[in-house]
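Understanding the architecture of this molecule
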Amino acid sequence: MKLATRPGIISFAGGMPDNNLFPVDEVKEIINTLTTEQQQTAFQYGPTPGLPSLLESLGEFLAGKGLPLGTNRLMITTGSQQAIALLARAFIDPGDRVLVENPCFIGAISAFKSNQAELTGIDLDTEGIRIDQLEREARRPDKAKFLYLTPYFHNPGGLLYSAARKQQVTSTLTGTDIVLIEDDAYGNLYFYDDDKPRLTPIKAADPDGVDICYTGSFSKILGPGLRLGWLLLPDDIYQRCELIKQSIDACSPSFTQVIADQFIRRGLLEPYIERVRHEYRRRAETMSDMLQHTLPPDVQWNRPRGGFYIWLTLPDHIDASAVLKRSIDQGAVFVIGKTFDPKGKQHNTLRLSYCNTNEEQIKTGITIIANAIKQGNVLS
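Throughout, residues of each chain are indexed from 1 in the direction in which the sequence is written. With pLDDT at 70 or above as the cut-off, local features in this predicted model cover only qualifying residues; side-chain atom pairs require 80 or more to be listed or tallied, and sums for whole chains, interfaces and linings still use all residues. Here the side-chain values reflect all heavy atoms present in the structure, with hydrogen atoms and water set aside.

**Thoughts on the overall build of the protein**
A run of H or I in DSSP counts as a helix once it spans at least four residues, and a run of E counts as a strand once it spans at least two, with each numbered from the N terminus. Across its full length, the protein holds 13 helices and 13 strands. In this treatment the radius of gyration is a C-alpha quantity, and the globule benchmark scales as 2.2 Å times the residue count to the 0.38 power. The C-alpha radius of gyration of the protein comes to 21 Å, within 12% of the 21 Å expected for a compact globule of 380 residues. Along the first, second and third principal axes, the C-alpha set of the protein runs to 60 × 55 × 40 Å. When a residue's accessible area, from a 1.4 Å probe over protein chains only, is under 20% of the maximum for its type it is buried; when over 50% it is exposed; and in between it is partly exposed. Looking at the protein as a whole, 58% of its 380 residues qualify as buried.

**Overview of the packing of aromatic side chains**
Think of it this way: a Phe, Tyr or Trp ring, Trp meaning its six-membered ring, pairs with another when their centres are within 6.5 Å, and the plane angle makes it stacked under 30 degrees, edge-to-face over 60, tilted otherwise. Summed over all chains, the structure comprises 13 aromatic pairs. Between phenylalanine 43 and phenylalanine 255, the aromatic rings sit 5.5 Å apart at their centres with planes inclined by 80 degrees, giving edge-to-face as the arrangement. Of this pair, phenylalanine 43 sits in helix 2 (residues 36-43) while phenylalanine 255 sits in helix 10 (residues 254-265), and the two are 212 residues apart along the sequence. With a relative accessible area of 69%, phenylalanine 43 lands in the exposed category.

**Here's the deal with the sheet that holds strand 6 (residues 146-149)**
Note on pairing: DSSP must find at least two bridges between two strands before they are called paired. Strands sit in the order 2-9-8-7-6-3-4-5 across an open sheet of eight strands; the sheet is mixed. Each edge of the open sheet is held by one strand with a lone partner, namely strand 2 (73-77) and strand 5 (128-129). The sheet contact formed by strand 2 and strand 9 (residues 229-233) spans five bridges and is antiparallel. By the bridge assignment for strand 9, arginine 73 is matched with leucine 233. Whether two residues are in contact is decided by their heavy atoms: any pair within 4.5 Å suffices. In this analysis an axis means a line fitted to C-alpha atoms, helices contributing only their contacting stretch, and an angle means the value between N-to-C directions, from 0 to 180 degrees. Each of strand 2, strand 8 (212-217) and strand 9 touches helix 3 (residues 52-63); the most contacted strand, strand 2, lies at about 115 degrees to it.

**Side note on the packing of helix 6 (residues 131-138) against helix 7 (residues 163-173)**
The description of two packed helices rests on the angle between their axes and on the distance between the axes. Put simply, helix 6 and helix 7 touch, their axes get as near as 10 Å, and they point 15 degrees apart. Comparing their axes, helix 7 and helix 6 come out roughly parallel. As for the relative orientation of helix 6 and helix 7, their crossing is right-handed in sense. For the pair helix 6 and helix 7, contact is made by Ile131, Leu134, Glu135 and Ala138 and by Arg165, Gln168, Val169, Thr172 and Leu173, respectively. Within the contact of helix 6 with helix 7, the residues separate by chemical class into five nonpolar, two polar and two charged. To sort the angles, those under 35 degrees are grouped as roughly parallel, those over 145 as roughly antiparallel, those from 65 to 115 as roughly perpendicular, and the leftovers as oblique. Left-handed is the label given to a crossing in which the near helix is rotated counterclockwise from the far helix by less than a right angle, and right-handed is the label when the rotation is clockwise. For this classification, the nonpolar set comprises Ala, Val, Leu, Ile, Met, Phe, Trp, Tyr, Cys and Pro, the charged set comprises Asp, Glu, Lys and Arg, and every other residue, Gly included, is treated as polar.

**Examining the environment of proline 253**
Turning to its location among the elements, proline 253 is positioned in the loop between helix 9 (235-248) and helix 10. Distance from proline 253 to glycine 50, taken between C-alpha atoms, is 8.8 Å for residues 203 residues apart in sequence. With residues up to four places along the chain from it excluded, the contact list for proline 253 reads Thr78, Leu226, Arg227 and Leu228.

**Considering the pairing of strand 3 (residues 97-102)**
With six of its six residues buried, strand 3 lies for the most part within the structure. Here strand 3 pairs with strand 4 (residues 118-125) via six bridges, running parallel. The residue bridging glutamate 101 from the neighbouring strand is isoleucine 122, located in strand 4. The parallel pair strand 3 and strand 4, bridged by helix 5 (residues 106-114), forms a crossover whose chirality is right-handed. Alignment of strand 3 against strand 6, held across two bridges, turns out to be parallel. Its bridge partner lying in strand 6, valine 100 is registered against tyrosine 148. Consider the strands pointing away from the viewer: the crossover is right-handed when the path from the first strand over the helix to the second runs clockwise.

Listed below in structure tokens is the structure:
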């Protein structure tokens, strides 16, 4: 983050929305037109599960995804990072096994490791987590507590799971007592209408025999500074998480909950998501075109269909850390893939984020990174 904010550096590192895309004018209008009662609510403590008004409006938004609000309970969290951390504390005892994708979201790795979990990484293919590996790990006698997935424009891989692969995941977990944590931070940021059928959450089916805890966030679809996320989960797990949250921060920020609630109720959320979705698609296409024209042919990557990221796999003999050093010297920064490896060993991968840079910066920065790759930073 220090490098990303250094003057003159082009950052493809953070998964941060562009400051210029935030709905500042809409939020100003909301704040200026709140009633006295709403203003007072914004300044006050709120219930641990969230303000009732936001729970209602967010519930309606999530119901539009087909999620089972009637048979599960919804909780507002202080960002989806807290949602993941609450689940980690609810399930993990020191030494417990947890199944994750490899690569995996660094925030989840941190939350699980801080609770002294033993992480088992399962590889991805073009459709999602590999079922052969999942089946093997799910059958082990030292049973895993849960499986953590990010099926919708995966962080860091950019992958969108196929409907068939999601069905295979639930079939594999049925009867194992392994809980599924479904992280959906990016699902609203799809680029192509053809992908809509693949965006239906696994939680929407609410399959028998598998407990599913669904997490989401306002960070990518409104603003990370609001520090608001959510959990939708079965009642018994909800009760555990509510007690844990009470001991951490008592309640999420009331001020931003009021803003988020009004943003939904005034019909602003869907048009705003539509606006930023088109902008991110332009940036993703610009980055993809640059990568296609500048990268050596032995570098593997896929054009993103949504979200914030492109994942590059370099030839085995090239060290992404060495590429990063050369890129920084020339004015561009990214995140090496080793950061997202549960074991911290993968040396030849990297993540590029296109969400926080304009198209001209993308063209300049990708040229720098491609040249750094071509210089062949060979492992010693």
